[in-house]
Amino acid sequence: MSTTDASIAHLILHGRISPDPTHVFTPESAEGAALPPDEPDWLLPLSTWLAHRDTLRLRNHPVGILFHPDDDPAELADADGQINPQGIAYLAVNFPAYTDGRGYSIAQLLRDRHGWRGDLRARGDVMIDTVFYQARCGFDSFVVKPEHDPQEALEALGSFTQAYQRGYRAPEEASALKGGQ
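Within any chain, residue numbers begin from 1 and follow the written order of that chain's sequence. Side-chain atom pairs in this predicted model are given and counted only at pLDDT of 80 or more, local residue features only at pLDDT of at least 70, and totals for whole chains, interfaces and linings cover all residues. Excluded from the side-chain calculations are hydrogens and water; all other atoms, namely the structure's heavy atoms, are used.

Q: Can you help me understand the overall build of the protein chain in this one?
A: Segments assigned H or I by DSSP are reported as helices when at least four residues long, segments assigned E as strands when at least two residues long, and all are numbered from the N terminus. Within the protein chain, the secondary structure is distributed over five helices and eight strands. The order of helices and strands in the protein chain, counted from the N terminus, is β-β-β-β-α-β-β-α-β-α-β-α-α. Counting every position in the protein chain, which comprises 181 residues, the buried fraction comes to 47%. When contacts within the protein chain are restricted to residue pairs at least 6 apart in sequence, long-range pairs at least 24 apart make up 57% of them. Accessible area of the protein chain: about 9200 Å², with a carbon and sulfur share of 50%. With a 1.4 Å probe rolled over the protein chains alone, any residue whose accessible area is under 20% of its type maximum counts as buried; one over 50% counts as exposed, and the rest are partly exposed. We call two residues in contact whenever any of their non-hydrogen atoms come within 4.5 Å of each other. Note on areas: Shrake-Rupley with a 1.4 Å probe; residue coverage comes only from the protein chains shown.

Q: Honestly, the pattern of salt bridges in this entry has me stumped. Any pointers?
A: A side chain with one charge can pair with a side chain of the opposite charge if their charged atoms come near. We count a salt bridge whenever a side-chain nitrogen from Lys or Arg sits within 4 Å of a carboxyl oxygen from Asp or Glu. Here the structure, examined in full by the defined rule, presents seven salt bridges. In this structure, Lys-145 engages Glu-147 in a salt bridge whose closest nitrogen and oxygen atoms are separated by 3.2 Å. Owing to a relative accessible area of 54%, Glu-147 belongs among the exposed residues under this scheme. Residues joined by salt bridges that share partners form a network here, namely Asp-70, Asp-100 and Arg-102.

Q: Help me understand the sheet that holds strand β1 (residues 10-13) in this model?
A: Strand pairing in a sheet is mediated by backbone hydrogen bonds. Such pairs are either parallel or antiparallel. At least two bridges found by DSSP between two strands is the condition for calling them paired. Within the open sheet, the eight strands sit side by side as β2-β1-β8-β7-β6-β5-β4-β3. Their pairing is mixed. Strands with a single pairing partner mark the edges of an open sheet, and in this sheet they are β2 (16-19) and β3 (23-24). Examined bridge by bridge, β1 and strand β8 (residues 141-144) share three bridges and lie antiparallel to one another. Within β8, the residue paired with Leu-11 across the bridge is Val-143. Axes, fitted as lines to C-alpha atoms, cover a helix only where it is in contact. Angles between the N-to-C directions of the axes lie from 0 to 180 degrees. Contacts between helix α2 (residues 102-113) and the sheet are confined to β5 (63-67), β6 (88-95) and β7 (120-124), with β6 contributing the most and set at about 150° to the helix.

Q: I keep staring at unusual backbone geometry and nothing clicks. Help me out?
A: A negative phi holds for most residues other than glycine; trans holds for most peptide bonds. Of note in this structure, His-14 is not a glycine but carries a positive phi near 55°. Locating His-14 in the fold gives a position in the loop between β1 and β2. Note on His-14: relative accessible area 62%, which makes it exposed. Residue Asp-41 is not a glycine yet carries a positive backbone phi of 75°. Tracing the backbone through its elements, the reader meets Asp-41 in the loop between β3 and β4 (42-45). Classification of Asp-41 by relative accessible area gives partly exposed; the value is 37%.

Q: Honestly, the side chain of Asp-100 in this entry has me stumped. Any pointers?
A: By the secondary structure assignment, Asp-100 is in the loop between β6 and α2. You can call Asp-100 buried: its relative accessible area is 15%. Non-local contacts of Asp-100, meaning those with residues more than four positions away in its chain, are made with Pro-69 and Phe-95.

Q: Help me out: how do you make sense of the environment of Asn-94 in this one?
A: With respect to the secondary-structure elements, Asn-94 resides in strand β6. A C-alpha to C-alpha distance of 10.0 Å links Asn-94 and Val-143, two positions 49 residues apart in sequence. Excluding residues within four positions of it along the chain, Asn-94 makes contact with Leu-66, Phe-67, His-68, Pro-69, Arg-123 and Gly-124.

This is the structure in structure tokens:
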């Protein structure tokens with residue numbers, strides 16, 4: 001039985017569970033501000049990054065960039081097709097519903113075509129049943145829905161020892177995500 005608070009989302013990162021510290025910035029919630037303050041743990045939409053990338057790259061605190069299902073990962077890439085990590089803390093992909101598979105495709109494109117090697121985070125409708133498959137597509141960290149037990153989600157990363165589809169990482173690497181258990 002988990003002792004975590006079921007009313008908040010939890011982050012699984014490097015085999016550890018913690019409350020998700022993220023502040024999600026949206027132009028609608030910004031009260032006229034074009035950008036969030038230069039503080040840690042801000043996540044902003046790809047469109048905001050694209051509009052202000054030169055300024056954001058100079059900040060003391062890198063930001064996370066959020067991809068929605070309709071976003072094109074190629075927009076983040078430089079002319080050479082690769083992603084410059086300067087100013088980027090991590091990339092996150094929103095899953096509005098667990099049945100929406102576009103986030104898996106975005107992850108594969110970010111990893112395989114655009115060379116992203118940093119943290120790739122699954123957000124939104126992330127459940128115990130999906131984390132193993134998300135890890136197979138390249139996700140490193142997961143913001144688990146508040147009503148799901150994050151400990152069970154962490155354990156689910158090692159649910160299967162064999163996979164039938166090609167994946168971003170081998171099962172041993174996915175197991176290492178949960179602390180090598």
